[in-house]
Amino acid sequence: MTRCGRTCRQRCWKYDWVLDLDLKSFFDSLDHSLVLKAVAHHTDLRWILLYVERWLKAPLQLEDGTLRPRDRGSPQGSAISPVLANLFLHYALDMWLVREFPDVPFERYADDVILHCKTKTQAQVVRDAIIERLAQVGLELNLDKTRIVYCKDANRKGSHEHEQFTFLSYTFRPRLARSKAGVKFVSFLPAVSNDTAKDLRRKIKRWRLHLWSGRHLADLAQEINSTVRGWIGYYGRYYRTELIQTLKLINDYLVRWAMRKYKRLRRHPTRATRFLAAVAKREPRLFVHWALGVQPSAG
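A brief look at the structure comes next.

Thresholds applied
Residues numbered from 1 in each chain as written. Predicted model: local features only at pLDDT ≥ 70, side-chain atom pairs only at ≥ 80, totals over all residues. Heavy atoms only, no water. Core = buried A, V, L, I, M, F, W, Y, C linked by side-chain atoms within 4.5 Å. Buried < 20%, exposed > 50% of the residue type's maximum accessible area, 1.4 Å probe, protein only. Helix = DSSP H or I, 4+ residues; strand = E, 2+ residues; numbered from the N terminus. Contact = heavy atoms within 4.5 Å. Pairing = 2+ DSSP bridges. Axes fitted to C-alpha atoms, helices over the stretch in contact; angles between N-to-C directions.

Focus: the nonpolar core
1) Next: Counting residues in hydrophobic clusters, the biggest one holds 49 residues, and the most contacted among them are Phe165, Leu217, Val228, Ile250, Leu254 and Phe287.
2) Next: Counting residues per element, this core draws most heavily on helix 9 (residues 240-261), which supplies eleven residues.
3) Next: If we skip the residues at most four places from it in the chain, Val228 touches Trp207, Leu247, Ile250, Val288 and His289.
4) Next: Formed by 37 residues, the second largest nonpolar core is a distinct cluster that contains Phe27, Ala123, Ala129 and Tyr150.

Right, here's the structure in full:
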C-alpha cells in the first residue's frame, strides 16, 4: 500500500466518518480551458501549452474510421491523461478543500477521493459544498456511488447504512484484530478488496501452471515469483490473511501440475499434495508465497 493508503488507514482511527467521493465521467468531462489554465501555472513555454491544447482537442477516431470532435475530456489510458487530471484536480478540488475545509483531511489518488469527518453532519455539509464546487468547474458527483461511511470499530457504537469503502484496491471495514496482549477486538482495517482478489485469481488461472508439465518446479517458480512478490508487497501489507486465501490457489494448480508431471501421482491429489509439501519443507523459499507460509498441507 502507498503512503496515501497508510495515511487513510491512520485517519480512519482518528475520525469517525468518511466521505467517499465518486466523480461522474471524470476523464470525459474535463474542461479544456481549465486544464490549460492549470498547466499554465507550471510553465510559460508557449509550445508546451500549444501541444497540450492540440492533444486535448484531437478528434476521437471511432471503430468505423469516422472522427468525432472533442470539446471536453481527456482520453483514458494515455500516458499524459493522469498528469493533466491530477493538475486539474489539484486546483479545482485540493486547494479549494484546504481553503474551505481546513479541518477536513483527505487523500486523493487521481479521481479517487476520501475525506475524513468528525461527524455525519459535517460529512453531509462537505458533500453538499463539493457538489456546488464541482459544478463550477464542469464536474459532478455520482450520487449513487458517493457514500458517507461510518468507520465502525469496538469503541464506536451504533451502526450506519454504509460501514465500508474501497480505496487503492483495499476495502476498509470493521475486522477482527488482536492486541499485543493477545486480546481480540474489532478494528477498522484495510484488506485486499474482493474485486482485486477476483482479478488476481483470474490471473493465476491464466497462467495455466498445471499444463507446464514439461518444465521443472524451479522453472515455474522463476516465472511467477516476481509477480507474486509484487502482490505480497502491495496487497499483503495489511490484513494479509485475506490475500493468503487467494495465494492458496497457486498451490492448487501446482498439485495439478505434479499429477500431470509424475505418473505415480496421477489421479492421486492427496499424494501430489504430500509431494509438494515435502518439497516446500526442503525448499521453503522456492516459491515466494511458500516463504510467506502459504505452503501445501500434507493433511
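Next, the rest of the story.
Some thoughts on the sheet that holds strand 9 (residues 184-192)
1) Next: In space, the three strands of this open sheet follow the order 7-8-9, with antiparallel pairing throughout. Each edge of the open sheet is held by one strand with a lone partner, namely strand 7 (165-167) and strand 9. Going across the sheet, the axis of each strand differs from the next one's by a mean of 50 degrees, ignoring polarity.
2) Next: Taken together, the nine bridges between strand 8 (residues 170-178) and strand 9 define a ladder with antiparallel strand orientation. Looking across to strand 9, one finds that Tyr170 is bridged to Val192.

Points about unusual backbone geometry
1) Next: Phi is positive for Leu168, close to 55 degrees, though the residue is something other than glycine.
2) Next: Structurally, the position occupied by Leu168 is in the loop between strand 7 and strand 8.
3) Next: Classification of Leu168 as buried rests on a relative accessible area of 10%.
4) Next: Of note in this structure, Arg208 is not a glycine but carries a positive phi near 50 degrees.
5) Next: Turning to its location among the elements, Arg208 is positioned in the loop between helix 7 (194-207) and helix 8 (217-235).
6) Next: Under the relative-accessibility criterion, Arg208 is labelled partly exposed at 44%.

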